[in-house]
Amino acid sequence: MARGGTADLQKVAMIFEAFDVDKDARLNGLELTKLVQQCNPSVCFSVVQLQAIVQEVLQQYEGSEQAPGLTRQSLAQLYTDGVADCDMDFHTMQMTDPSPARACVTQLISHCS
C-alpha cells in the first residue's frame, strides 16, 4: 500500500497477529514497540524516541481506556492514514532477521526496568 491508500487487510492481519504476543486482540505498548523496532531494523531508537512514538500512536488510534491498545482495525486505520506503510512493514517483517530488533527491545526493557 502506498502511503495514504487503502491498507491490505490480509497484510495488516498478518502483521497484527505476528506482534499480538499475548493474543488478546490488542497491541499493547510493548507489542507496538516491537513492531516499530522490527519494521525499522536499521534504526536503534532511543528509549525517549520509542516512548514518544508509541505514546503518540496509542493516543491517536487506541480503542478506549477500558480496552487499551491497538485493535486490528485501528492498525489498519493507521496504515490507511499514511502514518506507516503496510507494504513496506510487511516486506521488512518477512525479510528481516528479528534478532537486531529484539536486541534493541531487550536493551530498552532493561533500561526501563
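The shown structure was predicted, so the numbers you read here are calculated from the model rather than taken from an experiment.

Reading guide: rules and limits
Residues numbered from 1 in each chain as written. Predicted model: local features only at pLDDT ≥ 70, side-chain atom pairs only at ≥ 80, totals over all residues. Heavy atoms only, no water. Buried < 20%, exposed > 50% of the residue type's maximum accessible area, 1.4 Å probe, protein only. Helix = DSSP H or I, 4+ residues; strand = E, 2+ residues; numbered from the N terminus. Polar contact = N/O pair within 3.5 Å; in protein donor to acceptor, adjacent residues only side chain to side chain. pLDDT = per-residue confidence, 0-100. Core = buried A, V, L, I, M, F, W, Y, C linked by side-chain atoms within 4.5 Å. Contact = heavy atoms within 4.5 Å. Axes fitted to C-alpha atoms, helices over the stretch in contact; angles between N-to-C directions. Parallel < 35°, antiparallel > 145°, perpendicular 65-115°, else oblique. Left-handed = near helix turned anticlockwise from the far one by under 90°. Nonpolar A, V, L, I, M, F, W, Y, C, P; charged D, E, K, R; others polar.

Because each turn of an α-helix spans 3.6 residues, side chains separated by three or four positions end up pointing in the same direction. Most of helix α2 (residues 29–38) is tucked away, with seven of its ten residues classed as buried. The complete set of buried residues in α2 reads Glu31, Leu32, Thr33, Leu35, Val36, Gln37 and Gln38. Where α2 begins, the capping side chain belongs to Asn28, and its oxygen is found 3.0 Å from the backbone nitrogen of Leu30.

Attention now moves to the confidence of the model for the protein. Confidence in the prediction for the protein averages 83 pLDDT; 76% of positions are at 70 or higher. Looking across the protein, the model is least confident in helix α6 (residues 99–112), with a mean pLDDT of 50, and most confident in helix α4 (residues 72–80), with 95.

Here we come to the nonpolar core. In a soluble, globular protein the nonpolar side chains are often hidden away together inside. Val12, Ile15, Leu27, Leu35, Leu70, Leu75 and Tyr79 are the most contacted members of the largest nonpolar core, which has 22 residues in total. Contributions of two or more residues to this core are made by α1 (9–19), α2, α3 (47–61), α4 and α5 (86–95). In contact with Leu70, not counting residues within four places along its chain, are Phe16, Ala25, Arg26, Leu27, Leu32, Val57, Leu58, Tyr61, Glu62 and Leu75.

Between α1 and α4, the least distance of the axes is 10 Å, while the angle of their chain directions is 120°. Considering the angle they form, α1 stands oblique to α4. Seen from above, α1 lies across α4 with right-handed handedness. Note on element contacts: α4 touches α1 through Arg72, Leu75, Ala76 and Tyr79, opposite Leu9, Val12, Ala13, Ile15, Phe16 and Glu17. Residue composition of the contact of α1 with α4, by class: eight nonpolar, no polar and two charged.

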